[in-house]
Amino acid sequence: MYILLLATGWPSLVASRSFEGASLRNLHDHGLLPESHVAGLRLKSVYVAHRHSPSAALGDRRAEKRRWRLSRTDVPEDFSSRFFDDSTENTHRGRLLSTYPKSEILQSAAKIGFAYRTPRDQVLSVTAVLAASMPLAAYNVTYHYEKWKPMYDNGTSLYVNWCDNETNDTDCLTLSNDTKFQDLAQIEKQVLTDSRAQIKTVMGTSYKSDYFEGSRETGCAQTGSTGERCFGDEGVAMSHYEDDSSMIVVFQAGLGETDRNNLIWQNKAWLIESFEDAMVEQWILNAQQATSSEVTGRKAADTYEFPVRCGFLNETYAPISDETAVSVASEVSVANLQDEGLWPLMKLVVRKVLAEGASFTKTVYLAGTGLGGSHAALISMWLKKNEDKSYDTYVIAAPGFQCIARDKYSKDMTPSDTHSQLKIYTHVMDALAGSVDQYSGTVCRYGLRNFTAAEPFYAYCSRMVGHTGPEIFWRPSTTSTTTTADDATAADLAAFAEYDVNITTAQEAFDQCHMYTHSIWYALMLFSDEDTLNLDGTTDGGCETVSPIDSADKYGKCPTTATATTDCANFFAPSAEVSMQMLAIIVGSTGGVIACCAVLGIMVVRHVQKNAMEDVATTTDQGPPATGCFARLMRNCGVYLGAKGVDRAKDARIRAKKARDKRKNRNFQEKANLIDAGADGGAQATMVGRQQEDTIENVEVEIGDNPKTKKDKKEKKEKKEKKEKKGKRSSGEDEDPTILEAVSVRVVKDEAPGDDLLGANVVEKEKKGRKRESRDTE
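Each value, and the rule that gives it
- Each chain carries its own residue numbering, running from 1 in the written order of its sequence.
- Whole-chain, interface and lining totals are the exception, using all residues; otherwise, since this is a predicted model, local features are given only for residues with pLDDT of at least 70 and side-chain atom pairs are given and counted only at 80 or more.
- Only hydrogens and water are removed before side-chain values are computed, so all heavy atoms of the structure are retained for them.
- Under the DSSP-based scheme used, a helix requires at least four consecutive residues in state H or I and a strand at least two consecutive residues in state E, with every element numbered from the N terminus.
- The buried label goes to any residue with under 20% of its type's maximum accessible area, the exposed label to any with over 50%, and the partly exposed label to all in between, with areas taken from a 1.4 Å probe on protein chains only.
- Under the convention used here, a 1.4 Å probe and the Shrake-Rupley method define accessible areas, while residue burial counts only the protein chains that appear.
- Residue contacts are defined here by distance: any two heavy atoms, one from each residue, within 4.5 Å place the two residues in contact.
- Disulfides are defined as cysteine sulfur pairs within 2.5 Å.
- Given the number of residues in a helix, its expected span is that number minus one, multiplied by 1.5 Å.
- Aromatic contacts are taken between Phe, Tyr and Trp rings whose centres are within 6.5 Å, Trp giving its six-membered ring; a plane angle under 30 degrees counts as stacked, one over 60 as edge-to-face, and the others as tilted.
- Pairing between strands requires that DSSP locate at least two bridges from one strand to the other.
- When the strands point away from the viewer, a crossover counts as right-handed if the route from the first strand across the helix to the second turns clockwise.
- Each axis is a line fitted through C-alpha atoms, taken for helices only over the stretch in contact, and angles between the N-to-C directions span 0 to 180 degrees.
- Roughly parallel refers to an angle under 35 degrees, roughly antiparallel to one over 145, roughly perpendicular to one between 65 and 115, and oblique to any angle outside these ranges.
- Working rule for handedness: look at the near helix, and if it is turned counterclockwise from the far one by less than a right angle, call the crossing left-handed; if clockwise, right-handed.
- Asp, Glu, Lys and Arg are counted as charged, while Ala, Val, Leu, Ile, Met, Phe, Trp, Tyr, Cys and Pro are counted as nonpolar; the rest, among them Gly, fall into the polar class.
- N or O atoms closer than or at 3.5 Å make up a polar contact, with two conditions inside protein: a donor-capable atom paired with an acceptor-capable one, and, for residues adjacent in sequence, both atoms drawn from side chains.
- Among the buried residues, those of types Ala, Val, Leu, Ile, Met, Phe, Trp, Tyr and Cys that are joined through side-chain atoms within 4.5 Å form a nonpolar core.
- Salt bridges are defined by distance alone: a side-chain nitrogen of Lys or Arg within 4 Å of a carboxyl oxygen of Asp or Glu.
- The quantity known as pLDDT measures the predictor's confidence residue by residue, on a range of 0 to 100.

Counting its secondary structure elements, the protein chain contains 30 helices and 14 strands. When burial is assessed residue by residue, the protein chain has 48% of its 778 residues classed as buried. With an accessible surface of roughly 39400 Å², the protein chain has 52% of that area assigned to carbon and sulfur atoms.

Have a look at this one:
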């Protein structure tokens, strides 16, 4: 069986660069030599690609420049880890390991054998190899204590067997000030290192050299030609174990800040846009915990959260701090390293064991934890696309990989395909795994049965829920993560200070929670319980098949930073400051304009109404005006396009003349009616005729547009009558009786006088009279 151990830290083309040889003693001295035999499996070779400092023998001048090395070490058939057990360090280490007893659950986990009888055995065996393959530098006491200080200061450790007050058992430690604080971190380091060796012994090997060299906060003492993988170094390391039927390739996560920077570099968009909702969903659905107003109330207003969000957006994160050095060592271009990070180096190392086109009679397994687990999934998808080979891959306590595969590595793999070979295991409240990116394949969640308020990390996990990704992950070197306006009041400053304390507490809670939920050791301890990991490989939190994101991502499951970029630009856009005097001027001017518009509007409405009433008469006298919207608008304003100017005096004279003509025609009509009808008697007819004439004249007076007074009319009439009588007397003519008879009038009561004296009504009456006379004659 082969087991391939990879420690992350590498970039995307597989280069032809050859690996330098490194001795087993160098690997051992630098803490890079794995166990030689594990449950019948034998270590064959070790490949290392890492960043290191030159030997101190080169002088201080050259020691300033750290560089990258690719090395390979073949392990002889007769080699045993016991070859180096005579060292002083290992003798000292043995005494330290026997001093601190492990907890019962860790003792049980350390006895896990390496077997493939059932799915449960497979998961347990792979998890045990992952835990045992952790590099010694991973147990950096200083880093652990600083990161998980509250847990150590409280004396909290699930790995150490503590004595109860009523227990006199000698195989336990009494909790006291001597075993708290940084001392507890040291004890825990020794306990886990002992468990690491015990696992490998249970797997069928003799005790492995577990020389430990704790890494420093900065720098690293270097010896040997190949250098060692220190806590602050970057790179990828790989080893493999094999037996007669199986080969296992294990990928490890990076260490310290490099691991965190790599995570953020890959998933910044997700952490900004989706992390908050994903963690709340994980708390409610996966951990099956109830939400509360306290959780929902942790969402801060934009005034406080946006400076943090935008600061995180603008912060530069890189998976490799010195791309030039890596490029020289690996022959991968700087551009590829900047675009793809450690991915090209991962492919470079894998090809040293799984050569392209090679066929294997042994069953090949891939495994990884942390970012190493994400890389294991990516390698699995890559091999499936390029070689059409599907290797069972175990991913434990690792972030998702669907979106980073789409965004960064789609040319090397097809993430939208179904990848049933992927088997993912994540704690129900591991937000570094379950709330970062998305999975595909079979996803199982563990730890639900043990996730209760009695657990030392439960309260911390509860406290982090409800915060955004930038609030959790943005940790600038300044003392405050927020900014305040220059003119902020005392109340504003107090609110910002409270918010700063709030997110600092959330960050601390996040770290303490993941001390266990994201730990491969804690996963191994839980898997040793048959109530957590079932015989068929399923878990207490349930398993499900997760479909991959479609190639078009039509539901937008993979976010981008476009929205955050726009929001930040708008949030920090400069705004003009308005003084009270200027504000008064603006308000007064606006009010004046509104008042003027109102008065003008009223005047326009009245003018339009007036012109609408005059429009008909004016257009009748002067002809139709021009048509169209513009002409109508001008007409409402008093301007008549297409019509002549108005002469009101002339119009009045024309109307008076028409009225006089109308009166004359009506008088003539009435007289014609009287003649046509005839007279009934001389005097009577004459009187009737005169009365009718007076009536007609009276009508004429009433109808005229410009009549004279009645007195003037009467005088005029009398003068006319006197003149007629005088003329008759002078001529000597008397009234002829026959003529009077002819002028007799026949009045018809029901017949109204006609309006048009020369019209059709008169003619019609004359025809009726002739017909009547004709009948009488007959």
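Moving on to the environment of Leu-173. Within the fold, Leu-173 resides in strand β7 (residues 173-174). Expressed as a C-alpha distance, the spacing of Leu-173 and Tyr-100, which sit 73 residues apart in the sequence, is 7.3 Å. For Leu-173, the residues in contact, after removing those within four places along its chain, are Tyr-100, Pro-101, Val-160, Asn-161, Trp-162, Cys-163 and Ile-187.

This next bit is on the state of the cysteines. Per the stated rule, a full pass over the model turns up four disulfides. Cys-444 shares a disulfide with Cys-543; S-S distance 2.0 Å. Looking along the S-S bond of the Cys-444-Cys-543 disulfide, the torsion reads about 115°, which is the right-handed sense. Note that Cys-444 is positioned in strand β13 (residues 441-446) and Cys-543 in strand β14 (residues 543-546), a separation of 99 residues in sequence. Residue Cys-444 is classed as buried on the basis of its relative accessible area, which comes to 4%. With a sulfur-sulfur separation of 1.9 Å, Cys-461 is cross-linked through a disulfide to Cys-513. Disulfide Cys-461-Cys-513: torsion about the S-S bond near 90°, hence right-handed. On the criterion of sequence distance, the pair formed by Cys-461 in helix α19 (residues 458-464) and Cys-513 in helix α21 (residues 490-517) is long-range, its members being 52 residues apart. Relative accessible area serves as the criterion here: at 0%, Cys-461 is assigned to the buried category. Exposure remark for Cys-513: the relative accessible area of 0% places this residue in the buried category.

Positioned with a positive phi, Asp-388 is a non-glycine residue whose angle comes to about 55°. Looking at the element boundaries, Asp-388 is found in the loop between α16 (371-387) and β11 (392-396).

A separate point is α16. Between the first and last C-alpha of α16 there are 24 Å, a value that for 17 residues agrees with the 24 Å anticipated at 1.5 Å per step. The buried fraction of α16 amounts to 14 of the 17 residues, a majority that puts the element mostly inside the structure. Downstream of α16 by one or two residues, Asp-388 has phi in the positive range, about 55°.

Taken as a whole and judged by the stated rule, the model has 21 aromatic pairs. With 4.9 Å between their ring centres and 70° between their planes, Tyr-446 and Phe-527 make a pair best called edge-to-face. On the criterion of sequence distance, the pair formed by Tyr-446 in strand β13 and Phe-527 in helix α22 (residues 520-527) is long-range, its members being 81 residues apart. Residue Tyr-446 is classed as buried on the basis of its relative accessible area of 0%. Feature note: the residues Tyr-159, Trp-283, Phe-451, Phe-457, Tyr-458, Tyr-516 and Tyr-522 constitute an aromatic cluster, connected by ring pairs.

Okay, the pairing of strand β12 (residues 422-427) next. Burial within β12 is extensive, with five of its six residues counted as buried. Two strands pair when backbone bridges link them, and β11 and β12 are joined in this way by four bridges, in the parallel orientation. By the bridge assignment for β12, Tyr-394 is matched with Lys-423. Regarding topology, helix α17 (residues 402-408) serves as the crossover connection from β11 to the parallel β12, and that connection is right-handed.

Here the focus is the packing of helix α15 (residues 343-350) against α16. The N-to-C vectors of α15 and α16 enclose an angle of 65°; their axes lie 11 Å apart at closest approach. The angle between the axes of α15 and α16 places the two elements in the roughly perpendicular class. Both α15 and α16 take part in a crossing whose hand is right-handed. Across from Trp-343, Met-346, Lys-347 and Val-350 in α15, the residues of α16 making contact are His-375, Leu-378, Ile-379 and Trp-382. In terms of residue class, the contact of α15 with α16 is built from six nonpolar, one polar and one charged.

On to the side chain of Lys-102, then. Looking at the secondary structure, you find Lys-102 in the loop between α3 (88-97) and α4 (104-110). Within the structure, the side chain of Lys-102 is placed 3.1 Å from the side chain of Asp-194, a separation counted as a polar contact. The residues contacting Lys-102, other than those within four sequence positions of it, are Gln-107, Tyr-159, Asn-161, Val-191, Asp-194, Ser-195 and Gln-198.

Let us look at the nonpolar core. The biggest cluster of nonpolar side chains holds 136 residues, and the ones touching the most others in it are Met-429, Phe-473 and Trp-521. Other than its neighbours up to four places away in sequence, Phe-473 contacts Arg-260, Leu-263, Ile-264, Leu-271, Phe-275, Phe-312, Tyr-317, Leu-432 and Phe-510. Counting six residues, the second-largest nonpolar core is a separate cluster that includes Leu-24, Val-46, Val-48 and Val-75.

So, on to the pattern of salt bridges. In a structure, side chains of opposite charge can pair up when their charged atoms sit close to one another. Inspection of the entire model under this criterion finds 13 salt bridges. The partner of Arg-309 in a salt bridge is Glu-305, with the nearest N and O atoms 3.0 Å apart. Linking Arg-309 with Glu-305, this pair stays in helix α12 (residues 302-314), spanning four residues, or about one helical turn. Salt bridges here are not isolated pairs; linked through shared partners, they connect Arg-351, Glu-387 and Lys-389.

Let us now look at helix α13 (residues 323-330). With respect to burial, α13 is a largely interior element, six of its eight residues being buried. Among the residues of α13, Glu-323, Ala-325, Val-326, Ser-327, Ala-329 and Ser-330 are the ones counted as buried. Directly beyond the C-terminal end of α13, a positive phi value near 60° is found at Glu-331.

Glancing now at the packing of α12 against helix α23 (residues 562-571). Close contact between α12 and α23 brings their axes to 10 Å; oriented N to C, the two are set at 125°. As judged from the angle between their axes, α12 and α23 are oblique. In terms of crossing hand, the pair formed by α12 and α23 is left-handed. The residues of α23 that touch α12, namely those facing Asp-302, Thr-303, Phe-306, Pro-307, Cys-310 and Leu-313, are Ala-564, Thr-565, Asp-567, Cys-568 and Phe-571. Class assignment of the residues belonging to the contact of α12 with α23 gives a composition of seven nonpolar, two polar and two charged.

Our focus in this paragraph is the confidence of the model for the protein chain. Of the residues in the protein chain, 64% have a pLDDT of 70 or more, and the chain-wide mean is 75. Ranking the elements of the protein chain by mean pLDDT puts α3 last, at 36, and β12 first, at 97. For the stretch residues 679-693, pLDDT sits under 50, and the model shows 24 contacts to residues farther than four places along the chain or on other chains. This stretch, residues 695-705, has a pLDDT under 50; its non-local contacts, to residues over four places away or in other chains, come to 17 contacts.

Considering the arrangement of structural elements, one finds Gly-372 in helix α16. Judged by its relative accessible area of 0%, Gly-372 is buried. Along the sequence, Gly-372 and Asp-259 sit 113 residues apart, while their C-alpha atoms lie 9.8 Å from each other.

Tracing the backbone shows Asn-267 in helix α9 (residues 256-273). Here Asn-267 is in contact with Ile-404, Val-436 and Asp-437, once residues within four sequence places are set aside.

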